[in-house]
Number of protein chains: 2
Amino acid sequence: AIAAALLDAGGAAGPWAGRTVLITAGPTREPLDPVRYLTNRSSGRMGFALAAAAREAGARVILVAGPTALATPPGVERVDVERAGQMYDAVLGCIDEADCFIAAAAVSDYRPEREAPEKIKKGGDALTLALEPTPDTLRAVAARSPRPFVVGFAAETERVSEYARRKLNDKDLDLIAANRVGPGQGFDTDDNALEVLWRDGSVALAEQPKTALARELLQIVAERAGFAEATRSHHAP
Amino acid sequence: AIAAALLDAGGAAGPWAGRTVLITAGPTREPLDPVRYLTNRSSGRMGFALAAAAREAGARVILVAGPTALATPPGVERVDVERAGQMYDAVLGCIDEADCFIAAAAVSDYRPEREAPEKIKKGGDALTLALEPTPDTLRAVAARSPRPFVVGFAAETERVSEYARRKLNDKDLDLIAANRVGPGQGFDTDDNALEVLWRDGSVALAEQPKTALARELLQIVAERAGFAEATRSHHAP
């Protein structure tokens with residue numbers, strides 16, 4: 001009964017015990033010059049909640065975080081980055097240690113082609129900014145062999161399920177967590193809802209605090225990744 | 001002696017008593033779409049420190065703040081905005097009440113010409129972003145007649161004094177506070193140094209906590225604006 005309670009709670013004997021989880025969180029910033037930058041809306045809360053929940057469930061957690069105001073969850077190894085390129089380098093530098101990769105960061109997918117070393121002086125006229133794609137960390141991780149279990153996120157303003165499934169297939173992910181974003185929804189909020197999709201299935205997680213949502217999502221990931229099987233076989237009938 | 005002590009401390013009988021000060025603080029965000037935006041590095045700390053110091057010195061303080069994680073100083077009237085255009089509208093809407101305008105915000109001076117209503121899908125190729133100047137709140141306030149005492153800020157990565165004096169003259173400001181910014185300097189830091197310039201003079205304020213710097217700057221502003229004269233005339237010789 002004690003073992004069953006431990007298993008139900010996750011904990012040191014659960015499916016995450018002894019696993020290494022690599023999680024990205026927060027936005028990235030892509031500088032035009034030392035003062036101006038392009039970025040994405042993201043508080044980092046979902047990624048930090050996942051890091052805390054994975055650690056509580058017994059995993060070793062490496063958190064690669066863009067700029068946020070959030071405190072590091074206890075026991076989590078944190079690497080701070082600013083740009084998409086730095087996030088790419090930090091993740092690829094330790095991906096071989098990971099059993100699971102969860103890309104919760106809202107990475108800037110474009111950056112200025114040129115970064116001015118000094119502050120650009122305002123001219124008063126219109127100007128055009130040339131942008132180029134940033135390195136795609138999620139795609140690079142999914143393209144590795146062997147690879148960890150790969151979880152992506154999709155933040156969409158419309159056609160959420162359709163775009164999420166397209167991203168799942170296009171980037172060859174194992175699982176994707178999708179949510180609708182917009183004014184007052186998804187960003188800088190404590191609550192969120194998620195639609196979780198994989199190749200041949202999906203499940204909707206109702207709106208709830210991101211801390212609770214993180215625990216539910218980790219349960220699904222553990223099941224889909226087969227992490228739970230070893231411990232489950234010890235369950236009494 | 002008691003009156004002199006009160007005057008020395010600023011306080012309810014000092015030069016700021018009964019004055020209305022309008023202060024802008026923080027960055028602004030200029031959206032490309034519901035997810036991506038262009039912004040400036042700014043924690044808002046200098047503007048919030050000025051608001052707190054002006055209130056402590058007996059002024060009525062209206063703080064027009066871009067997105068920051070900072071708490072409103074006690075007794076300060078706060079108006080939250082996100083974009084440069086909203087900051088312009090908020091300031092011009094109450095500028096007639098102000099004896100002094102302090103533009104401490106790091107306003108985005110460019111914004112995307114078009115804002116997409118839905119998240120732009122990543123194409124994978126380079127793209128160009130057309131930018132246009134945002135409304136210039138500081139210039140608009142300085143162009144009014146009558147106008148409050150107008151204080152600007154200049155955050156520069158090089159040639160700090162030269163660029164600051166150019167901005168002072170070009171925008172017809174009464175006073176400008178300039179600082180050098182760059183990695184680890186001026187942004188997201190508790191300490192800062194300022195060079196304060198006006199038409200026929202300047203003074204350097206040594207590096208110190210932004211709260212102390214705010215009090216020093218307000219003393220200089222009160223002197224340059226002539227706010228101190230009425231009370232000073234009551235000083236015993």
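Before reading further, recall that the structure is shown in the block above.
In this text, all values refer to a predicted model and were calculated from it rather than measured experimentally.

K.L.:
Sorry if this is basic, but what is going on with the relation of the copies chain A and chain B here?
P.N.:
Note that the two copies of the chain are related through a rotation about an axis and a translation along the same axis. Each copy superposes on the other: chain A lies on chain B with an RMSD of 0.0 Å after a rotation of 180° and an axial shift of 0.0 Å. The superposition of one copy onto the other is thereby described by a two-fold rotation axis. Comparing interface residues between copies, 100% of those in chain A also sit at the interface in chain B, which points to an isologous, same-surface contact.

K.L.:
Could you clarify how one ought to interpret the environment of B:Asn40 in this entry?
P.N.:
Along the polypeptide, B:Asn40 turns up in strand S3 (residues 36-40). We classify B:Asn40 as buried; its relative accessible area is 7%. The sequence separation of B:Asn40 and B:Asp109 amounts to 69 residues, and the corresponding C-alpha distance is 9.1 Å. Each residue touching B:Asn40, except ones within four places of it in the same chain, is listed here: A:Val35, A:Arg36, A:Tyr37, B:Pro27, B:Thr28, B:Ala106, B:Val107 and B:Ser108. Here B:Val107 takes part through its backbone oxygen, which lies 3.2 Å from a polar atom of the side chain of B:Asn40.

K.L.:
It is not clear to me how the packing of aromatic side chains should be interpreted in this structure. Could you clarify?
P.N.:
Applying the stated criterion across every chain, the model contains two aromatic pairs over all chains. Considering the side-chain rings of B:Trp16 and B:Phe227, the 5.2 Å spacing of their centres and the 80° angle between planes classify their relative orientation as edge-to-face. Of this pair, B:Trp16 sits in the loop between helix H1 (2-8) and strand S1 (20-25) while B:Phe227 is found in the loop between helix H6 (210-225) and helix H7 (229-232), placing the two residues 211 residues apart along the sequence. In terms of burial, B:Trp16 and B:Phe227 fall into one category: buried. For the cation-ring pair, A:Lys121 lies above B:Tyr163, with the distance from its terminal atom to the ring centre recorded as 4.0 Å.

K.L.:
Please explain the pattern of salt bridges as it appears in this structure.
P.N.:
Side chains carrying opposite charge are able to pair once their charged atoms draw close together. Residues and elements named next belong to chain A. Taken as a whole and assessed by the stated rule, the structure comprises 40 salt bridges over all chains. One salt bridge connects arginine 60 with glutamate 97, and the closest N-O pair in it is separated by 2.7 Å. Separated by 37 residues along the polypeptide, arginine 60 in strand S4 (residues 60-65) and glutamate 97 in the loop between helix H3 (84-94) and strand S6 (100-103) bring together distant segments of the chain. In this structure, the salt-bridge partner of aspartate 136 is lysine 171, at a minimum N-O distance of 2.8 Å. In this pair, aspartate 136 is assigned in the loop between strand S8 (127-133) and helix H4 (137-142) and lysine 171 in the loop between helix H5 (160-170) and strand S10 (175-180), connecting sequence segments 35 residues apart. The exposure classification of aspartate 136 matches that of lysine 171, with both residues buried. Sharing partners across several salt bridges, the network here consists of Asp136, Arg139, Asp170 and Lys171.

K.L.:
So what exactly am I meant to see when it comes to empty space enclosed by the protein here?
P.N.:
Rolled over the atoms, a probe with the dimensions of a water molecule shows which regions are left empty. If you walk through the whole model with that rule in mind, you get one cavity of 30 Å³ or more. The computed volume of the largest cavity comes to approximately 40 Å³. Forming the walls of the largest cavity are A:Arg36, B:Leu38, B:Thr39, B:Asn40, B:Ser108, B:Asp109 and B:Tyr110. Here the element with the most residues in the lining of the largest cavity is S3(B); it accounts for three residues. Of the residues that constitute the lining of the largest cavity, the class distribution is two nonpolar, three polar and two charged.

K.L.:
What is the right way to read the interface of chain A and chain B from this model?
P.N.:
Quite often, the size of an interface is put as the accessible area lost when its parts meet. Taken residue by residue, the interface counts 39 residues in chain A and 39 residues in chain B. Summing the contributions of chain A and of chain B, the shared interface buries around 3,700 Å²; its carbon and sulfur component is 50%. Counting every contact that joins chain A to chain B gives six salt bridges. Across the chain A-chain B interface, the total number found is 21 residue pairs in polar contact (both at pLDDT 80 or more). For the side of chain A that touches chain B, the elements supplying multiple residues, two or more each, are strand S2 (29-31), strand S3 (36-40), S8 and strand S9 (149-156) of chain A.

K.L.:
Before we go on, may I ask you to explain the sheet that holds S2(A) in this structure?
P.N.:
Hydrogen bonds between backbone atoms are what pair the strands of a sheet, whose relative direction is either parallel or antiparallel. Within the open sheet, the four strands sit side by side as S2(A)-S3(A)-S3(B)-S2(B). Their pairing is antiparallel. Among the strands making up the open sheet, the edge pair consists of S2 of chain A together with strand S2 (29-31) of chain B. Across the sheet, the axes of successive neighbouring strands diverge by a mean angle of 30°, strand direction being ignored. Here S2(A) pairs with S3(A) via three bridges, running antiparallel. Within S3(A), the residue paired with A:Glu30 across the bridge is A:Leu38.

K.L.:
What should I look at first to understand the sheet that holds S8(A) in this one?
P.N.:
Here we have four strands laid out as an open sheet, ordered S7(A)-S8(A)-S8(B)-S7(B), and antiparallel in their pairing. Every interior strand has two partners, whereas the edge strands, strand S7 (110-112) of chain A together with strand S7 (110-112) of chain B, have only one. Within this sheet the neighbouring strands show an average axis-to-axis angle of 45°, counted without direction. Pairing geometry for S7(A) and S8(A), over three bridges, is antiparallel.

K.L.:
Looking at this structure, I do not really get the environment of A:Pro112. What am I missing?
P.N.:
All names here are of chain A. On the secondary structure map, proline 112 appears in strand S7. Look at proline 112 and you get buried, because its relative accessible area is 6%. Taking the C-alpha atoms as reference points, proline 112 and threonine 128, separated by 16 residues in sequence, lie 11 Å from one another. Those residues within four positions of proline 112 in sequence are excluded, and the remaining contacts are Glu30, Pro31, Leu32, Leu129, Ala130, Leu131 and Glu132.

K.L.:
Quick question: what am I supposed to make of H6(B) here?
P.N.:
An α-helix turns once per 3.6 residues; consequently, residues spaced three or four apart project the same way. Residue and element names in this part refer to chain B. Between its terminal C-alpha atoms H6 stretches 22 Å, which fits the 22 Å expected from 16 residues at 1.5 Å a residue. Within H6, burial applies to Lys210, Ala212, Leu213, Ala214, Leu217, Leu218, Ile220, Val221 and Ala222. Buried residues along H6 sit against helix H2 (45-56), strand S6 (100-103), strand S9 (149-156), strand S10 (175-180), strand S11 (191-198) and strand S12 (201-209). One or two steps after H6, the chain reaches glycine 226, where phi turns positive at roughly 80°.

Calculation criteria
Residues numbered from 1 in each chain as written. Chains lettered and ligands numbered in written order. Predicted model: local features only at pLDDT ≥ 70, side-chain atom pairs only at ≥ 80, totals over all residues. Heavy atoms only, no water. Least-squares fit on C-alpha atoms with pLDDT ≥ 70 in both. Contact = heavy atoms within 4.5 Å. Helix = DSSP H or I, 4+ residues; strand = E, 2+ residues; numbered from the N terminus. Buried < 20%, exposed > 50% of the residue type's maximum accessible area, 1.4 Å probe, protein only. Polar contact = N/O pair within 3.5 Å; in protein donor to acceptor, adjacent residues only side chain to side chain. Phe/Tyr/Trp six-rings, centres within 6.5 Å; stacked < 30°, edge-to-face > 60°. Lys NZ or Arg CZ within 6 Å of the ring centre and 35° of its normal. Salt bridge = Lys/Arg side-chain N within 4 Å of Asp/Glu carboxyl O. 1 Å grid on protein atoms, 1.4 Å probe; cavity = no way out; pocket = protein on both sides within 12 Å on 5 of 7 lines; lining within 4 Å. Points joined across faces, edges and corners; volume = space filled by probe spheres on them. Nonpolar A, V, L, I, M, F, W, Y, C, P; charged D, E, K, R; others polar. Buried area = accessible area lost by both parts, 1.4 Å probe. Pairing = 2+ DSSP bridges. Axes fitted to C-alpha atoms, helices over the stretch in contact; angles between N-to-C directions. Expected span 1.5 Å × (residues − 1).

In short, geometric facts, not functional conclusions.
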